[in-house]
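Breakdown of the fold
The chain contents come next:
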Amino acid sequence: MTGSIYHGQAGLPFSSALRIYEPLEAFPEQQQETLRAAGAGQASRAAVENAELLASLGRITRPDGDPFPTGRTDLVRVVPAPARRASSGAAHEGAETGTAAAAQADRLLYCPSQLVLRAGLAANALMEGIHGPLAQLLIPEEQRDKHQERIDEVRAHDGLSRVHTRASTWGIPFSWFCLFQESDPTDVVEAEGHIVTVRIRTGIGKALERVSYAVAHLALAAPDLDMLEDLTQLTEWLELFHPDSAVELDYGGVADKVYPDDSPLDVRLGIECLAEGDMTGAAAAYRRLASRWVPIRQLARAS
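Everything numeric here is computed off the predicted structure, so don't read it as measured data.

Once that is clear, we can look at the overall build of the protein. The secondary structure content of the protein amounts to 13 helices and 7 strands. When burial is assessed residue by residue, the protein has 42% of its 303 residues classed as buried. If you take every contact in the protein between residues at least 6 apart in sequence, the share linking residues at least 24 apart comes to 81%. With the model as given, the accessible surface of the protein reaches about 16300 Å², and the carbon-plus-sulfur share is 54%.

Take a look at the structure:
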C-alpha cells in the first residue's frame, strides 16, 4: 500500500461502497477497449483508490467553483472472475472441465467508476432532500447545467445507463449485508497498524439468492419494515447486471472501527428469527447491530 492520503483520509467522512464487477462482454463495444486498456495498465488497487481520493479533493478546491468531475478520465477497478464450480459428469470430461475452470479464473471483471453519472445522481438527491436550499447555494444552477451536458455526452458515448457503484457515508446499510456470508472471500487490507479497508466479494447469483430469501421472509414476517423496501430496490438493481458478475462490499475507512464484523451473520439471524416468530432473538440481533453501527452514524453529527 502506498499513499499517505489513502491510508489516513483524516477529516473525511467514512465512505463505503457496494460495487458490481461485470465481464467485458457486458459492456458496449465502444467501451470495451477502454476498459481492457485500463485493466492492463492498472498498477494496484491502492493506486486506484488513491487517485480517486486525490481527484475528489482537487475538485472541491477548483478556483471556478465547479465541484463535478469532468469525465476526461474515469477510473476502473478490476478483479479476477471467480472460478465456476465444476459440474458432476463423466470421468472423461474431467480434463475439459478443468481447462474451462482455468480459463474462467483467468478472466477479468470490470467496475468503471462512472464518476460523472454518480455525481449527477448525488447532486439531484441532495437538491431533493431537506438540504436542497443549501445545496442550491453551494452548487450554482450554471454548474449543474454544465454537468448535465457531461452526463449526456457520457451516455451518448458509452450507451450505458446502469450505475455499477452504490456509496454510503457514516455506516453501511443493513440491507447490503444480506448479500454476503461469513464464508465469502474476504480481503483485509492493513497498513501501519490500521485496517485500511475490508472487501467481501461474492457472485451475483449467490447475492440474488440471498436477497430473495430475505425479501420473502420479511414480506411475511415484517411487511412494514423499512429494510424490506431497501431490499426490493437492491434486488431490482442487481437484476440489471450480467449473470457472471461479482458483487463487492468495500467497507472503506470504517473497517478500522468495526472489524472483525459479524453484521452479515447478525442480519441473517435477525431475519430468520422474525420469520420464526422469535421476537426475542430478532431483538437481540438488532441490539448487536445497533451497538456496532449507531456510534458510527452518530459521528456524522459530531463537531
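Another aspect to go through is the nonpolar core. Counting residues in hydrophobic clusters, the biggest one holds 40 residues, and the most contacted among them are L18, L179, L238, V247, Y251 and W293. With 6 residues, helix α10 (residues 226–238) is the largest single contributor of residues to this core.

Another point: the environment of P264. Looking at the element boundaries, P264 is found in helix α12 (residues 263–275). On the accessibility criterion, P264 (8% relative accessible area) is buried. Between the alpha carbons of P264 and F177 there is a distance of 4.7 Å; along the sequence they are 87 residues apart. With sequence-adjacent residues up to four places away left out, P264 is seen in contact with F177, F180, E182 and Y251.

Before going further, it helps to examine the packing of helix α9 (residues 204–221) against α10. One way to put it is that α9 packs onto α10 with a least axis distance of 10 Å and a crossing angle of 150 degrees. On the basis of their axis angle, the class for α9 and α10 is roughly antiparallel. For the crossing formed where α9 meets α10, the hand is left-handed. Counted together, I204, A207, L208, V211, A214, V215, L218 and A219 of α9 and M227, L228, L231, T232, T235 and L238 of α10 form the full contact between these two elements. Per-class residue counts for the contact of α9 with α10 are 12 nonpolar, 2 polar and no charged.

Take the pairing of strand β5 (residues 186–191) next. Pairing of β5 with strand β6 (residues 194–203), which is carried by 6 bridges, proceeds in the antiparallel orientation. Among the inter-strand pairings, E190 is bridged to a residue of β6, identified as I195. The turn joining β5 and β6, which pair antiparallel and follow one another in sequence, is formed by 2 residues; a positive phi near 55 degrees is taken by E192.

So, on to the pattern of salt bridges. Close approach of charged atoms lets side chains of opposite charge pair. The tally for this structure, following the rule as stated, stands at 19 salt bridges. As a salt-bridge pair, D250 and R45 come within 3.6 Å of each other at their nearest N and O atoms. Pair noted here: D250 is in strand β7 (residues 246–250) and R45 is in helix α3 (residues 45–59), with a separation of 205 residues, a long-range link. Here D250 matches R45 in class, with each residue buried. For the salt bridge of D266 with R288, the shortest nitrogen-to-oxygen distance reads 2.8 Å. Linking D266 in helix α12 with R288 in helix α13 (residues 279–298), this pair joins segments that are 22 residues apart in sequence. A relative accessible area of 3% means that D266 is categorised as buried.

Criteria and thresholds
Residues numbered from 1 in each chain as written. Predicted model: local features only at pLDDT ≥ 70, side-chain atom pairs only at ≥ 80, totals over all residues. Heavy atoms only, no water. Helix = DSSP H or I, 4+ residues; strand = E, 2+ residues; numbered from the N terminus. Buried < 20%, exposed > 50% of the residue type's maximum accessible area, 1.4 Å probe, protein only. Contact = heavy atoms within 4.5 Å. Areas by Shrake-Rupley, 256 points an atom, 1.4 Å probe, with all protein chains shown as cover. Core = buried A, V, L, I, M, F, W, Y, C linked by side-chain atoms within 4.5 Å. Axes fitted to C-alpha atoms, helices over the stretch in contact; angles between N-to-C directions. Parallel < 35°, antiparallel > 145°, perpendicular 65-115°, else oblique. Left-handed = near helix turned anticlockwise from the far one by under 90°. Nonpolar A, V, L, I, M, F, W, Y, C, P; charged D, E, K, R; others polar. Pairing = 2+ DSSP bridges. Salt bridge = Lys/Arg side-chain N within 4 Å of Asp/Glu carboxyl O.

Geometry only, nothing functional implied.
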